[in-house]
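Residues per chain, in single letters:
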Amino acid sequence: MESKLINGDTHRILMGNEAIGRGLVESGCSLAASYPGTPASEILPSVTAFAKEEGLAVHTEWSVNEKVAYEVALANSMAGRRSAVSMKQVGLNVASDPFLRSAYLGVKGGLLVIAADDPGPHSSQTEQDSRFFAMFAKVPVFDPASPQEAKNMVGRALELSEKYELPVMLRPTTRVCHARQNIPLYEPLKLERPARFEKNPPRWCATPQFLRELHRLLNDKIRRIAAASDFFPGLASGDGSFPTTCVVASGVAFAHTWDILDEMGLLGRVDLHQVIMPFPLNRDFIDKIKQRYARVLVLEETYPVIELQLAGGAAVHGRLTSSVPSEGELTPEVIRQVLEQFLELPQKTAPAHPAGGGSRPTLCAGCGHRAAFYAIRETFPEGIFPSDIGCYTLGLNINAVDTAHCMGAGLSQAAGFYHAYAADGGEVPAIVATIGDSTFFHAGIPALLNAVLQKARFILVILDNATTAMTGHQPTPESGLAAGGTPGQPVFIADLVRACGVKFLKECDPYDIPAFQGLLKEADRYCRSPEGAVAVILAKHPCVLNKQVGSEQKVFQVEVTEECIACRHCLDEFECPALFMSEVTGQAAVDPLRCVGCGVCVHVCPTGAITAREE
Amino acid sequence: MKQQIIISGLGGQGALTLTRLLAEAAAALGLDFITSETHGMAQRGGTVISMVKVGPFRGPLIPAGTADVGLFLHRRNLAAHHFYLKPGGVVFINSDIPGDYHNIDASGLALSHGWPPVAANFILLGFAAARKGLFCKVELLAQIISAIMPARFLEMNLSAFRTGVDQAV
Ligand code: SF4
Ligand code: SF4
């Protein structure tokens, strides 16, 4: 869906992530690498699309993980070219090793590190604050309040990065990433920068003897950036109604604060500062705040980064003083309440979010993962099921996922559970780990290799749906497709599994539940046999959201017959969203609007009440 | 001109499409706007909400109790998202059950025309526009649908939209 006609050529309605991608192309970025993850996933495709539209040679890649993406982008920068790496906040945990060291060693061409945070969190395993990570690494960080600001900051951040030879972070949050605005487009900057890597072993190979000096240089850079006036916070001045009081905000919390003060009739009456670079916080700004105000409220997500730097002097109200909740998103409702309290105004009660309400997410109708999970849980009712990060985490709805920790963790947890039970000397329960194909490439390979090496015994089911479904269907290495859709070199999961030393490797379409259950039992026998080790089953069924698959797979006409005894097994233990309890018949029924005719539910009903005819 | 609209549905129902159409309409009218939408896990059939703020707003979220209009693609979502509406806010809902709102059986209409379930959102949009619930007029929305929807769905989308308009009288 393109917005060309209505808007002309000068503006485009862009999502925050697309605006960031456009900003990279306009700023002469020549390489962008990423690993998909909500809320950052749309940044890389946007770079690919705009580079193509502008006829520019930009290398974009979905790397296998964030650490790899970081290092690829870093080297492009070391060759003197502008580079970017984008990821969700927990991706930065994975990339933290190269990230921290690159602050010491620095960069050549501008390097922009985009870490998208998820206060709330809405789609993440933590609500950590990447600005804190930037502070820890001693790297400057920008905090945009809108898609428009995010785009503007990209160019400024790359310039800053080049000027100080330091990586620079852009930290949008979910609300900025997924907001849309009408964004002006500009001509891309054409930088004539041939790749030129200048060798400098004391710097690029810095051994401990050089690091102390590099650390001193880094500290000096940060001091100079904090002293520079370029990124002095903005100010919407008050009219003196609150002479010794001010609000300091950054990121989308600033935008919400603006709207709420407007709604309360207080915009232009109380001083409102917008911090655009939370670290290093401008020195003069810190002094000014301390001298000028008696009371300061800091609104920022999600940790007290600005607040800590303002400590000492004026009374600072924020998360450290419990004036602002220490966890959760700063929604307009929360900000309103905090403002009313801080400004000592009467509290207006906002309508409360109802508890519960709405529908919980579930695997799609016809999803192959559901079939696999159902078979696993039915085969091993007493089993332990470590799992991982992706759509398939939703297997927890039907009790086939017992752990979801971080990328790749399920596999090592399975090994750890095995060693715990084995060392204990008691009976080892069936341990069945599940991992998605993309997650396996990302972090599963070292974990599998280690499990084999340490003689762990468990079943690993690799849920291979041939895509990175959760985040919008990015290609996996097995498809061999590059980020722009051009053919690359496919790498196969089965080859990798064998190379990790696995001797039991079988493949099955989980739609065939009886056959899949048979394989699971065989794998369990293998694990428990004298020569047993890790058994791997590739459960292969393409994602049903893949349009081509949808049109290629067999479609069944499915019906619930009179035999239904309303036991709810198909609803509670299988949970296909196309099945429901009919208020009319008091029996289960199929919703024809949602059913994709996969026919899997036929294997599920204990009384055989669900029947299927091939269409 | 200021109007705050929430679009509430289940993941996969096409709330994002409506959000983008309304954003385009605001842009065509030269109005400032900012929108917000749900991505990630909740898109797998969970409850999703989009927000469209037309006018000089900065933040993408609509505070509870302040939305002027609610477009509900599923009746189940009323319980979850009705609190966003201000007192006197107008609700347009895809439902065959009448109530304290403007309802249209958009899913039923889509089915009877042989359209896929996602056509229901175009029906609801046409209905809400024709009942003068939105900042933009029926004709502008029809133009925008023609301009930005992919050619292979265009005819169906437009017919669905017109069906909603016709039902509004
Ligand atoms: S269809 Fe089968 S499993 Fe579902 S409620 Fe009826 S008897 Fe139980
Ligand atoms: S055939 Fe059964 S399992 Fe498959 S989508 Fe339809 S109702 Fe769900």
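Residues numbered from 1 in each chain as written. Chains lettered and ligands numbered in written order. Predicted model: local features only at pLDDT ≥ 70, side-chain atom pairs only at ≥ 80, totals over all residues. Heavy atoms only, no water.

Asker: I'm lost on the packing of helix H16 (residues 409-424) of chain A against helix H17 (residues 437-453) of chain A in this one. Help?
Answerer: Two quantities define a packed helix pair, namely the angle between the helix axes and the distance between the axes. Residue and element names in this part refer to chain A. Interaxial distance between H16 and H17 falls to 7 Å at its minimum, and their mutual angle equals 20°. Classed by the angle they form, the pair H16 and H17 counts as roughly parallel. Crossing geometry of H16 relative to H17 is assigned as right-handed. Contact with H16, carried on its side by Leu411, Ser412 and Ala415, involves Phe440, Gly444, Ala447, Leu448 and Ala451 of H17 and no other residues of that element. Among the residues making up the contact of H16 with H17, the classes are represented as 6 nonpolar, 2 polar and no charged. (Axes fitted to C-alpha atoms, helices over the stretch in contact; angles between N-to-C directions. Helix = DSSP H or I, 4+ residues; strand = E, 2+ residues; numbered from the N terminus. Parallel < 35°, antiparallel > 145°, perpendicular 65-115°, else oblique. Left-handed = near helix turned anticlockwise from the far one by under 90°. Contact = heavy atoms within 4.5 Å. Nonpolar A, V, L, I, M, F, W, Y, C, P; charged D, E, K, R; others polar.)

Asker: Sorry, what's going on with the interface of chain A and chain B here?
Answerer: Quoted interface sizes are often the accessible area lost when the parts come together. At the junction of the two partners, chain A supplies 49 residues and chain B supplies 43 residues. Summed over both partners, the interface of chain A with chain B buries about 4,100 Å², with 62% contributed by carbon and sulfur atoms. Counting across the interface, chain A meets chain B through 3 salt bridges. Between A:Asp259 and B:Lys53 there is a salt bridge, with its nearest N and O atoms 2.9 Å apart. There are 7 residue pairs in polar contact (both at pLDDT 80 or more) connecting chain A and chain B. For the side of chain A that touches chain B, the secondary structure elements donating two or more residues are strand S1 (11-15), strand S8 (179-184), helix H11 (251-263) and helix H14 (332-342) of chain A. Take the side of chain A that touches chain B: its biggest share by element is 8 residues, from H11(A). Its residues assigned to classes, the side of chain A that touches chain B shows 23 nonpolar, 15 polar and 11 charged. Here S8(A) runs beside strand S2 (residues 33-36) of chain B; their pairing, made up of 2 bridges, is antiparallel. Residue pairing across strands places A:Arg180 opposite B:Thr35, the latter belonging to S2(B). (Buried area = accessible area lost by both parts, 1.4 Å probe. Salt bridge = Lys/Arg side-chain N within 4 Å of Asp/Glu carboxyl O. Polar contact = N/O pair within 3.5 Å; in protein donor to acceptor, adjacent residues only side chain to side chain. Pairing = 2+ DSSP bridges.)

Asker: Could you clarify how one ought to interpret the sheet that holds S2(B) in this entry?
Answerer: Remark on secondary structure: sheet strands pair via backbone hydrogen bonds, oriented parallel or antiparallel. Strand order across the open sheet formed by 8 strands is S1(A)-S8(A)-S2(B)-S3(B)-S1(B)-S4(B)-S5(B)-S6(B), with mixed pairing between neighbours. Among the strands making up the open sheet, the edge pair consists of S1 of chain A together with strand S6 (102-104) of chain B. Adjacent strand axes in the sheet meet at a mean angle of 20° when their direction is disregarded. Strands S1 and S8 of chain A together with S2 of chain B of the sheet are contacted by helix H7 (residues 147-164) of chain A, whose axis makes an angle of about 55° with S8(A).

Asker: What am I meant to see in the environment of A:Leu281 here?
Answerer: Residues and elements named next belong to chain A. Tracing the chain through its elements places Leu281 in the loop between strand S11 (271-275) and helix H12 (283-292). Assessed through its relative accessible area of 3%, Leu281 is described here as buried. Through-space distance from the C-alpha of Leu281 to that of Leu363 is 44 Å; in sequence the pair is 82 residues apart. With sequence-adjacent residues up to four places away left out, Leu281 is seen in contact with Ala226, Val275, Ile286, Ile306, Gln309 and Leu310. (Buried < 20%, exposed > 50% of the residue type's maximum accessible area, 1.4 Å probe, protein only.)

Asker: Could you clarify how one ought to interpret the packing of helix H5 (residues 96-105) of chain A against helix H6 (residues 130-137) of chain A in this entry?
Answerer: All names here are of chain A. Relative to each other, H5 and H6 sit at 45°, their axes nearing to 9 Å. Here H5 lies oblique to H6, going by the angle between them. Facing H5, whose interface residues are Ser96, Phe99, Leu100 and Ala103, H6 presents Phe133, Ala134, Phe136 and Ala137. Tallied by class, residues from the contact of H5 with H6 come to 7 nonpolar, 1 polar and no charged.

Asker: It is not clear to me how the pairing of S8(A) should be interpreted in this structure. Could you clarify?
Answerer: Each regular strand carries side chains that alternate between the two faces of the sheet. All names here are of chain A. Burial analysis of S8 places 5 of its 6 residues in the buried class, which makes it a mostly covered element. Here 5 bridges tie S1 to S8, and the two strands are oriented antiparallel to one another. Within S8, the position partnered with Leu14 by the bridge is Gln181.

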